[in-house]
Amino acid sequence: MPSRSPRRALAVLTVGAAAVLALPGTAVAAVGTTDPTRAGAGWLVTQLVDGNHIEVAIDLNGDGKITDDERFPDYGLTADTVLALAAAQVGGDASGAATDYLETNIQAYVGAADGVGDPNGEYYAGALAKALLVADVTGRDPRSFGGVDLIARLLSTEKPSGRFSDISQYGDFSNNIGQSLAIIALQRVDPGLLTPSASEYLAGRQCLDGGPREGNVPISADQNPCAADAVSIDTTSFGFQAFVSVDQALPAARARGFLVRSQRPDGGFADQGVTNANSTGLAAQALSFGDPAAPAAAEAKQWLLDRQLGCSAPPEQQGAIAFTDGPDGTPLFDDRAVRATAQAVPGLSGSLLSTVSAGGSVADAPRLDCPAPTTTPAPTSTPPPTATSTATSTATSTPTVTGTATPPPTASATTTGVPGLPVTGSPIGGMLGVGGAGLALGAVLLIAARRRDGAHR
């Protein structure tokens, strides 16, 4: 495996580059649930490699073959998974294992250094902020998280302007998402550690032109916040949570107003032109503040539920939330589902980063409770041949249909066993009713998701 420095250079070079694949972990025994939020979190646990981290594969050679040297741990997405489990209040055992993994590998994630202030060290502001948030959410010691004082290191990255910036030989890739996470994490741990400049700096990045982009917070600190290409639902959603955590009412109201105006008619949210579960999940989380049942929040959550794969999907996909729709307008399960689900689950729960806690989480990671297939037995006797009848025999396994939706009798019909979850997944109707033919489930797809949509996330 590459050393730390080449890995860091690789991460910088591959942001926004070719497709990456997460490798799912081993099967996890779980109890059943009909709760969509818990089902999504339970599916995330099945994606943990070795039961403790999310891993991505990058086809560096472009040959379609992944070697061991092309597999890398995704510390940021592992942290997102821990936060999602806390929001759903499930998977306590998996959360503990993943947090242990982050502690063991903390230097690789946040940047190795001999001591605070070491000019030759690596300090990644966004990663430090997220790691600090995970430590506080899971009840770990933030001043000795894997032997690292996360608080001191994060504070050492703050500039006089209030911006938290990377200190790295590879350049400064800090952004307003990391700024928001730093504000939220420090406010949680000790409000006295947070300088007024930090939140004022973030508020100063908002668009204030009074137009349709009023309240937008771009991902880059160097962008014009009112420019069309600087619009960011994701960053504005994180920014809203940061403003709320420090009681900055006016910037929070502006950010919320921008999110409400940006919501699509179907309830979803688009970032970079694509309506997707990542942006919709983050917006739903922000819009849940104060009233989780508010129309904008409820519509965003319903959009997510409509993209959650139900009992008609292959078992290895059930509970996952698709990143977006496919060309046919149905949820598309692809290599972005892990990040999409990790950011959708907190949106479904309505838990803000400023208050979410892993305390009280159940140990198990429940999976979607789908009904067992029922078998129609073959006839025990053969009817006599007549001119008006023919002998038929079927022995196909058919999912039990419950809920309110009744699939039409076509080759594309699918069924669902949980009210509130959509009829999604690969069509199976064409496989049913064929004399003597069984239901072919196929091999488990070794894909799950990640979209590199921001440095140090």
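Residues numbered from 1 in each chain as written. Predicted model: local features only at pLDDT ≥ 70, side-chain atom pairs only at ≥ 80, totals over all residues. Heavy atoms only, no water.

J.: Would you mind showing me how to read the state of the cysteines here?
T.: Chemically, a disulfide is nothing more than a covalent bond linking the sulfur atoms of two cysteines. Counting across every chain of the model gives two disulfides. A sulfur-sulfur separation of 2.1 Å characterises the disulfide bridge that pairs Cys311 with Cys370. Taking the torsion about the S-S bond as the criterion, the Cys311 to Cys370 disulfide, at about -90 degrees, is left-handed. Taken together, the positions of Cys311 in the loop between helix 13 (295–305) and strand 7 (324–325) and Cys370 in the loop between strand 9 (367–368) and strand 10 (374–375) put the pair 59 residues apart, joining distant regions of the chain. You can call Cys311 buried: its relative accessible area is 14%. When the cysteines of the protein that form disulfides are numbered from the N-terminus onward, they connect as 1-2, 3-4. (Disulfide = S-S within 2.5 Å. Helix = DSSP H or I, 4+ residues; strand = E, 2+ residues; numbered from the N terminus. Buried < 20%, exposed > 50% of the residue type's maximum accessible area, 1.4 Å probe, protein only.)

J.: I tried to follow the pattern of salt bridges on my own but got confused; where do I start?
T.: As a working rule, side chains carrying opposite charge can pair if their charged atoms are close by. Tallied over the entire structure, the rule returns 12 salt bridges. A salt bridge links Arg339 to Asp80, with the shortest nitrogen-to-oxygen separation between them at 3.4 Å. Remark: Asp80 occurs in helix 3 (residues 75–88) and Arg339 occurs in helix 14 (residues 337–349); sequence separation between them is 259 residues. Like Arg339, the residue Asp80 is buried in the burial classification. (Salt bridge = Lys/Arg side-chain N within 4 Å of Asp/Glu carboxyl O.)

J.: How should the side chain of Glu158 be read in this particular structure?
T.: With respect to the helices and strands, Glu158 occurs in the loop between helix 7 (150–156) and helix 8 (176–189). As a buried residue without a salt bridge, Glu158 has its nearest oppositely charged side chain in Arg163, at a separation of 11 Å. Within polar-contact distance, the side chain of Glu158 engages the side chain of Thr195 at 2.4 Å. (Lys, Arg positive; Asp, Glu negative; His and termini not counted. Polar contact = N/O pair within 3.5 Å; in protein donor to acceptor, adjacent residues only side chain to side chain.)

J.: Could you clarify how one ought to interpret empty space enclosed by the protein in this entry?
T.: A water-sized probe, rolled over the atoms, reveals where empty space remains. Applying the stated criterion across every chain yields a total of four cavities of 30 Å³ or more. Counted as a void, the second largest cavity has a volume near 160 Å³. Forming the walls of the second largest cavity are 13 residues, and the residues nearest its centre are Asp80, Leu83, Phe238, Gln343 and Leu353. Those elements that place two or more of their residues in the lining of the second largest cavity are helix 3, helix 6 (125–137), helix 12 (277–287) and helix 14. With three residues, the single largest contributor to the lining of the second largest cavity is helix 14. (1 Å grid on protein atoms, 1.4 Å probe; cavity = no way out; pocket = protein on both sides within 12 Å on 5 of 7 lines; lining within 4 Å. Points joined across faces, edges and corners; volume = space filled by probe spheres on them.)

J.: Got a minute to help me understand the environment of Asn175 in this structure?
T.: With respect to the helices and strands, Asn175 occurs in the loop between helix 7 and helix 8. Given a relative accessible area of 10%, Asn175 falls into the buried group. Through-space distance from the C-alpha of Asn175 to that of Ile219 is 5.7 Å; in sequence the pair is 44 residues apart.

J.: Would you mind showing me how to read the packing of helix 9 (residues 196–203) against helix 10 (residues 233–245) here?
T.: To describe two helices that pack against each other, one gives the angle between their axes and the distance between the axes. At a minimum axis distance of 11 Å, the contact between helix 9 and helix 10 shows a crossing angle of 140 degrees. What the angle tells us is that helix 9 and helix 10 run oblique. Between helix 9 and helix 10 lies a crossing whose hand is left-handed. Facing Ser199, Leu202 and Ala203 of helix 9, the residues of helix 10 in contact are Gly239, Ala242 and Phe243. Considered class by class, the residues forming the contact of helix 9 with helix 10 number four nonpolar, two polar and no charged. (Axes fitted to C-alpha atoms, helices over the stretch in contact; angles between N-to-C directions. Parallel < 35°, antiparallel > 145°, perpendicular 65-115°, else oblique. Left-handed = near helix turned anticlockwise from the far one by under 90°. Contact = heavy atoms within 4.5 Å. Nonpolar A, V, L, I, M, F, W, Y, C, P; charged D, E, K, R; others polar.)

J.: Got a minute to help me understand the side chain of Lys301 in this structure?
T.: Looking at where Lys301 falls in the secondary structure, it is placed in helix 13. Buried within the structure, Lys301 lacks any salt-bridge partner; Asp291 is the closest side chain of opposite charge, at an N-O distance of 8.1 Å. At a separation of 3.3 Å, a polar atom in the side chain of Lys301 contacts the main-chain carbonyl oxygen of Pro292. Apart from the residues within four sequence positions on either side, Lys301 is in contact with Ala284, Ser288, Pro292, Gly347, Leu348 and Gly350.

J.: Quick question: what am I supposed to make of the confidence of the model for the protein here?
T.: Low pLDDT means the predicted atomic positions in that stretch should not be read closely. A residue-level look at the protein finds 73% of positions with pLDDT of 70 or above and a mean pLDDT of 80. With pLDDT under 50 throughout, residues 1–29 is counted as low confidence; its partners more than four residues away or in other chains account for 77 contacts. Low pLDDT, under 50, characterises residues 381–457; the predicted model gives this stretch 170 contacts beyond four residues in sequence or across chains. (pLDDT = per-residue confidence, 0-100.)

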